[in-house]
Amino acid sequence: MPDISILTQRANSFASPKSIEPTNSLVITQVPRTFFQPSIINALRDHFATYGEINQWVPIASFSRIILVYYSEETAELAKNACDPLILTLPHRIPTILRVYRSEPNPIFSPSSPTADENLLRPPPIEKNFLISPPGSPPIGWEQIREEPPNATPLADDLIAALRKLKLQERRSSREVLLEPEDGVGVGVYVEDCDMNDDDTEEVDWEYGCPSPARLRWKPVATAMPPVPVR
């Protein structure tokens, strides 16, 4: 373990405000990434443990800070006043100044129940379980059942008759049969497109970049000149 020197330097400029909200949590900021190794982290923990028993010690290297939670608010305030700022000196390195700030109060985890349900984020209700990807485990007591096969019952007769009337039964050139009389007796409904010519149904070869064949057959109608007054 390297020789680590931890000094506290309390200045008048860091005087405590008159109105302070009690808290049991502190946050150590401006911790270099290179300091997040067991030897330095353990030395810092032992230093802050001299002010009182620590309930939680959470180093967060990605945010360059450490969160610590004491059992009592008085201990956290004592450590804040004594360790802000904190001068950490390593061999052959320039001294590093760490700041200690008050944080939001945190619940106390007891050894018997370190992960109490009221202190953890709960999963969503079973009705919203599909929002999780992958979905969560099924509820207690759930058993898989055999699914029924697809519906093999045909449609009702009246529905089949209605669909048959709407179905295109026959298409002969421009004539569509919507309803054909049964056995040649009854009413038949036919639709015939009078604008369709036999020439329109013929396929015409067309190359990209050339005018469209349909556009070549289209002839614009000349616009009549408005009347001109005679003088």
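Residues numbered from 1 in each chain as written. Predicted model: local features only at pLDDT ≥ 70, side-chain atom pairs only at ≥ 80, totals over all residues. Heavy atoms only, no water.

**Student:** Would you mind showing me how to read the nonpolar core here?
**Tutor:** A general feature of soluble globular proteins is that nonpolar side chains tend to end up buried together. Of all hydrophobic cores here, the largest spans 22 residues; its most connected members are I28, L44, F48, W57, L68 and Y70. Counting residues per element, the ones that place at least two in this core are β2 (25-29), α1 (38-49), β3 (54-60), β4 (65-70), α2 (73-83), β5 (86-89) and β6 (96-102). Counting residues per element, this core draws most heavily on α1, which supplies four residues. Residues within four places of L44 in sequence aside, it is in contact with I6, W57, I66, L86, L88 and L98. (Core = buried A, V, L, I, M, F, W, Y, C linked by side-chain atoms within 4.5 Å. Buried < 20%, exposed > 50% of the residue type's maximum accessible area, 1.4 Å probe, protein only. Helix = DSSP H or I, 4+ residues; strand = E, 2+ residues; numbered from the N terminus. Contact = heavy atoms within 4.5 Å.)

**Student:** Hey, could you run me through the pattern of salt bridges in this one?
**Tutor:** Two side chains of opposite charge can pair, provided their charged atoms sit close to one another. This model, assessed by the stated rule, comprises three salt bridges. We note a salt bridge from R102 to E77, for which the minimum N-O separation is 2.6 Å. Here R102, found in strand β6, pairs with E77, found in helix α2; they are 25 residues apart in sequence, far enough to count as distant. Among the salt bridges present, the one from D84 reaches K80, with a minimum N-O distance of 2.6 Å. Neither D84 nor K80 differs from the other in exposure class; each is buried. Here the salt bridges share partners, and the residues they tie into one network are K80, D84 and R99. (Salt bridge = Lys/Arg side-chain N within 4 Å of Asp/Glu carboxyl O.)

**Student:** Please explain the side chain of D84 as it appears in this structure.
**Tutor:** Here D84 lies in the loop between α2 and β5. Separated by 2.6 Å, the side chains of D84 and K80 make a polar contact. Within the local environment of D84, its side chain forms a polar contact with the backbone nitrogen of V100, the two atoms lying 3.2 Å apart. (Polar contact = N/O pair within 3.5 Å; in protein donor to acceptor, adjacent residues only side chain to side chain.)

**Student:** Sorry if this is basic, but what is going on with a negative patch on the surface here?
**Tutor:** Taken together, E21, E73, E74 and E104 make up a surface patch of like negative charges. Along the chain, E73 turns up in helix α2. You can call E73 partly exposed: its relative accessible area is 38%. (Patch = residues over 30% accessible without salt bridge, like charges linked within 9 Å, V, L, I, M, F, W, Y side chains within 5 Å. Areas by Shrake-Rupley, 256 points an atom, 1.4 Å probe, with all protein chains shown as cover. Lys, Arg positive; Asp, Glu negative; His and termini not counted. Charge placed at Lys NZ, Arg CZ, Asp CG, Glu CD.)

**Student:** Hey, could you run me through the packing of aromatic side chains in this one?
**Tutor:** Aromatic ring pairs are defined here through the distance separating the ring centres and the angle between the ring planes. For the structure shown, the criterion picks out one aromatic pair. Seen from their ring centres, F48 and W57 are 6.3 Å apart, and the 45° between their planes marks the pair as tilted. For the pair F48 and W57, a shared accessibility class is recorded, and that class is buried. (Phe/Tyr/Trp six-rings, centres within 6.5 Å; stacked < 30°, edge-to-face > 60°.)

**Student:** Hey, could you run me through the environment of T50 in this one?
**Tutor:** Assignment of secondary structure puts T50 in the loop between α1 and β3. For T50, a relative accessible area of 60% gives the class exposed. Residues T50 and T75, 25 residues apart in the sequence, show an inter-C-alpha distance of 9.9 Å. A distance of 2.4 Å separates the side chain of T50 from the backbone oxygen of H47, its partner in a polar contact.

**Student:** Would you mind showing me how to read unusual backbone geometry here?
**Tutor:** Residues apart from glycine generally show negative phi values, whereas peptide bonds are mostly found in trans. Cis geometry is found at the peptide bond from D84 to P85, where omega equals 5°. Within the element layout of this structure, P85 appears in the loop between α2 and β5. With a phi close to 60°, Q30 is a non-glycine residue in the positive phi region. By the secondary structure assignment, Q30 is in the loop between β2 and α1. We classify Q30 as partly exposed; its relative accessible area is 48%.

**Student:** Please explain the side chain of Q56 as it appears in this structure.
**Tutor:** Tracing the chain through its elements places Q56 in strand β3. According to the relative accessible area criterion, Q56 is buried, its value standing at 17%. Here N55 takes part through its side chain, which lies 3.1 Å from a polar atom of the side chain of Q56. Separated by 2.9 Å, the side chain of Q56 and the backbone oxygen of P107 make a polar contact. Each residue touching Q56, except ones within four places of it in the same chain, is listed here: I67, L68, V69, P107 and F109.

**Student:** Can you help me understand α1 in this one?
**Tutor:** Residues that lie three or four places apart on an α-helix share one face, since the helix turns once every 3.6 residues. Between the first and last C-alpha of α1 there are 16 Å, a value that for twelve residues agrees with the 16 Å anticipated at 1.5 Å per step. Residues of α1 that are buried include every one of S39, I40, I41, A43, L44, H47 and F48, and no others. (Expected span 1.5 Å × (residues − 1).)

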